[in-house]
Amino acid sequence: MTSLSTHLEPLPAPPAYGAGTVGEVLTSAAAALGLGGFGNALGLPPVRRICVVMVDGLGLSLLKKRGGHAPFLRAHLEGARTLGSAFPSTTAASLASLGTGLPPGLHGMVGYDVLDPAQDKVVNMLGNWDGGVDPVTWQPHPTVFERAAREIPVVTVSQSRFADSPMTRAALRGGSFVGAGTLQARVRAAAEQLSGADTMLMYFYLNDLDKAGHRHGCASTDWTDRLEDLDSAMKSLARQMPADTLLLLTADHGMVDVAEGQRFDYSARPALVDGIAHTAGEPRMVHLYFEPGLDAAGRERLRSAWQEAFGRQAWILTRGEAVQAGLFGPTVDPSVLPRIGDLLVAAREPIALFDTRRTSASALEVIGQHGSMTRVEREVPLLTLRRPEPARKVPARRGTKPTPERPNHG
């Protein structure tokens, strides 16, 4: 644990980058497929095909709590590995770490939206990507898919609208893309692709659970319905795929339900925003960027004001403290550093913080939130839903040689 004197509680340990986060899933899969240049930090077994299912928003604690609605997934919880999300615990950061094998301090996707120093404006890293930002320039490192596709088939199965999205081009580019609308259609497409190749690395993305959680909350019947759909789909996928395939399931972050009375508009408090040029991030991990030229006294005034307002409900730390603590990784690239807020506010209690000057009123209606460092938000599962089946031998007839049995592709 890292303890800073200005915090009422010590900061949690940083994500175990390089050893036990979502950033090691695809790199370990590539190594297990026999590709050089990748480390197998997760110790995956050698195999011919691997399908990695990424479920947006399926935190480990939520799966354990609601596992009665997901009997197939629950049956694989015993012996499952606990991984950490990237920091912040948000889709852009974690999927970029998954796709590149790098921590946010290197790949540069350090929040839902962050400051683009070149334009001096806040830009979005997901669905509302800024036209002035080139995804490949923003995240220039080769992806796992690009590297692996030089040697083996690499396939992404997802909704068609993500095929050429800026997020895909930034962090998940490479290989081929198979789009399908319904969950059932995507399962069929995944099984068909896997059955049609001797070796393959597949990435299968599902975001229905995350959408339900944001809109209705993780305790809602809508979220439960989506969990049941997911469970059924994964059972079907495991049954349909070739026998010599490793099926893994993980997630990018968990989620916290925030009551209406705990959603705060901090822009209405002058003491918290006077001297702030830009606000960004997410409601549970706010980036605050100081006005140019703000002196040390002004910076300390702002930090003290935030500490007084939310210090019992959140960790308040400077950019330097966050970097020193390793939250964005052991190293932060100089080009990435100014994308991180001068002051960070990471929620510890179930609260959400909004700047309604730049967000729509509907943003305050969002129930499920994530982005901070609590265990509920950052701990995600790594489930092995199907292991490769060893080839069995058919008993030989007298006078004949034993013949290996063909794998069951049904």
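Conventions we followed
Residues numbered from 1 in each chain as written. Predicted model: local features only at pLDDT ≥ 70, side-chain atom pairs only at ≥ 80, totals over all residues. Heavy atoms only, no water. Phe/Tyr/Trp six-rings, centres within 6.5 Å; stacked < 30°, edge-to-face > 60°. Buried < 20%, exposed > 50% of the residue type's maximum accessible area, 1.4 Å probe, protein only. Helix = DSSP H or I, 4+ residues; strand = E, 2+ residues; numbered from the N terminus. Lys NZ or Arg CZ within 6 Å of the ring centre and 35° of its normal. Polar contact = N/O pair within 3.5 Å; in protein donor to acceptor, adjacent residues only side chain to side chain. 1 Å grid on protein atoms, 1.4 Å probe; cavity = no way out; pocket = protein on both sides within 12 Å on 5 of 7 lines; lining within 4 Å. Points joined across faces, edges and corners; volume = space filled by probe spheres on them. Nonpolar A, V, L, I, M, F, W, Y, C, P; charged D, E, K, R; others polar. Core = buried A, V, L, I, M, F, W, Y, C linked by side-chain atoms within 4.5 Å. Contact = heavy atoms within 4.5 Å. Pairing = 2+ DSSP bridges. pLDDT = per-residue confidence, 0-100. Axes fitted to C-alpha atoms, helices over the stretch in contact; angles between N-to-C directions.

## Remarks on the packing of aromatic side chains
(1) Moving on: Taken as a whole and judged by the stated rule, the model has seven aromatic pairs.
(2) Moving on: An angle of 25° between the planes, with centres 6.4 Å apart, marks the rings of Tyr203 and Tyr205 as stacked. An identical accessibility class is assigned to Tyr203 and Tyr205; each is buried.
(3) Moving on: Plain terms: the ring middles of Trp306 and Phe310 are 5.8 Å apart, the flat faces sit at 35° to each other, and that makes the pair tilted. Separated by four residues within a single helix, Trp306 and Phe310 lie in helix 13 (residues 296-310), roughly one turn from each other. This pair shows no difference in class: Trp306 is buried, exactly as Phe310 is.
(4) Moving on: Three or more aromatic residues joined by ring pairs make a cluster, and in this case those are Phe145, Phe162, Tyr203 and Tyr205.
(5) Moving on: The ring of Phe38 is capped by Arg147, whose NZ or CZ atom sits 4.0 Å from the centre of that ring.

## What to know about the side chain of Arg173
(1) Moving on: Along the chain, the position of Arg173 falls in the loop between helix 8 (166-171) and strand 6 (176-179).
(2) Moving on: Looking at Arg173, its side chain comes within polar contact range of the side chain of Glu146, at 3.2 Å.

## Re the layout of surface pockets
(1) Moving on: By volume, the largest pocket is sized at about 1300 Å³.
(2) Moving on: Contributing to the lining of the largest pocket are 44 residues, with Tyr112, Asn124, Leu126, Gly127 and His214 lying nearest its centre.
(3) Moving on: Elements represented by at least two residues in the lining of the largest pocket include exactly helix 4 (91-100), strand 5 (154-158), helix 8, strand 7 (200-206), helix 10 (208-216), strand 11 (276-282) and strand 15 (352-354).
(4) Moving on: A per-element tally of the lining of the largest pocket places helix 10 first, with four residues.
(5) Moving on: Residues belonging to the lining of the largest pocket are distributed by class as follows: 18 nonpolar, 17 polar and nine charged.

## Some details on the nonpolar core
(1) Moving on: Judged by nonpolar contacts, the single largest core of 109 residues is most densely connected at Val53, Leu58, Leu73, Leu201, Met234 and Leu237.
(2) Moving on: Setting aside anything within four residues of it in sequence, one finds Leu237 in contact with Cys51, Val53, Val187, Ala190, Ala191, Phe204 and Leu247.

## Examining empty space enclosed by the protein
(1) Moving on: Counted under the stated rule, the structure contains one cavity of 30 Å³ or more.
(2) Moving on: Each pocket or cavity is described by its volume, and for the largest cavity that value is around 50 Å³.
(3) Moving on: For the largest cavity, the full set of lining residues is Pro15, Ser85, Ala86, Phe87, Ser89, Leu327, Ser372, Met373 and Arg378.

## Comments concerning the environment of Val47
(1) Moving on: Secondary-structure assignment places Val47 in the loop between helix 1 (25-32) and strand 1 (49-55).
(2) Moving on: Residues Val47 and Thr384, spaced 337 residues apart in sequence, show a C-alpha to C-alpha distance of 13 Å.

## Overview of the pairing of strand 1
(1) Moving on: Most of strand 1 is tucked away, with seven of its seven residues classed as buried.
(2) Moving on: Where burial is concerned, the two faces of strand 1 agree: the one with Arg49, Cys51, Val53 and Val55 and the one with Ile50, Val52 and Met54 are both buried.
(3) Moving on: Direction of pairing for strand 1 relative to strand 8 (residues 245-251): parallel, over a ladder of seven bridges. Looking at the pairing, Val53 lines up with Leu249 of strand 8.

## Regarding the side chain of Arg303
(1) Moving on: Turning to its location among the elements, Arg303 is positioned in helix 13.
(2) Moving on: A polar side-chain atom of Arg303 sits 3.1 Å from a polar atom in the side chain of Glu321.

## What about unusual backbone geometry?
(1) Moving on: Of the consecutive residues Phe87 and Pro88, the connecting peptide bond is found in the cis state with omega at -5°.
(2) Moving on: Checked against the element boundaries, Pro88 lands in the loop between strand 2 (81-84) and helix 4.
(3) Moving on: The phi dihedral of Asp120 is positive, around 55°, even though this residue is not glycine.
(4) Moving on: Structurally, the position occupied by Asp120 is in the loop between strand 3 (113-116) and strand 4 (121-124).

## Examining the confidence of the model for the chain
(1) Moving on: Residues at a pLDDT of 70 or more form 93% of the chain, whose mean pLDDT is 93.
(2) Moving on: Counting contacts from residues 1-7, a segment whose pLDDT is below 50, to residues more than four positions away or on other chains yields 19 contacts.
(3) Moving on: This model gives residues 391-410 a pLDDT under 50, and the stretch forms 18 contacts once residues within four places in sequence are excluded.

## What to know about the sheet that holds strand 12 (residues 285-290)
Hydrogen bonds between backbone groups are what pair the strands of a sheet, and the pairing can be parallel or antiparallel.
(1) Moving on: Taken in spatial order, the four strands line up as 11-12-14-13 in an open sheet, and their pairing is antiparallel. Because the sheet does not close on itself, it has two edges, and the strands there are strand 11 and strand 13 (314-318). Within this sheet the neighbouring strands show an average axis-to-axis angle of 15°, counted without direction.
(2) Moving on: For strand 12 and strand 14 (residues 343-347), the ladder comprises four bridges, and the chain directions are antiparallel. Its bridge partner lying in strand 14, Leu288 is registered against Leu343.
(3) Moving on: Taken strand by strand, helix 13 contacts strand 11, strand 12, strand 13 and strand 14, and its axis lies near 170° from that of strand 13.

## Details of the environment of Pro381
(1) Moving on: On the secondary structure map, Pro381 appears in strand 17 (residues 379-386).
(2) Moving on: As a C-alpha pair, Pro381 and Arg263 span 118 residues in sequence and 28 Å in three-dimensional space.

## Side note on the sheet that holds strand 7
(1) Moving on: Taken in spatial order, the seven strands line up as 2-17-8-1-7-5-6 in an open sheet, and their pairing is mixed. Edge strands, defined here as strands with exactly one partner in the open sheet, are strand 2 and strand 6. Put simply, the sheet's adjacent strands are angled 25° from each other on average, direction ignored.
(2) Moving on: In this sheet, strand 7 lies alongside strand 5 in parallel orientation, the contact comprising four bridges. Looking across to strand 7, one finds that Val155 is bridged to Met202.
(3) Moving on: The sheet contacts of helix 1 involve strand 1, strand 2, strand 7, strand 8 and strand 17, and relative to strand 1 the element is tilted by about 170°.
(4) Moving on: Relative to the sheet, helix 9 (residues 183-195) contacts strand 1, strand 5, strand 6, strand 7 and strand 8, its axis offset from that of strand 7 by approximately 175°.

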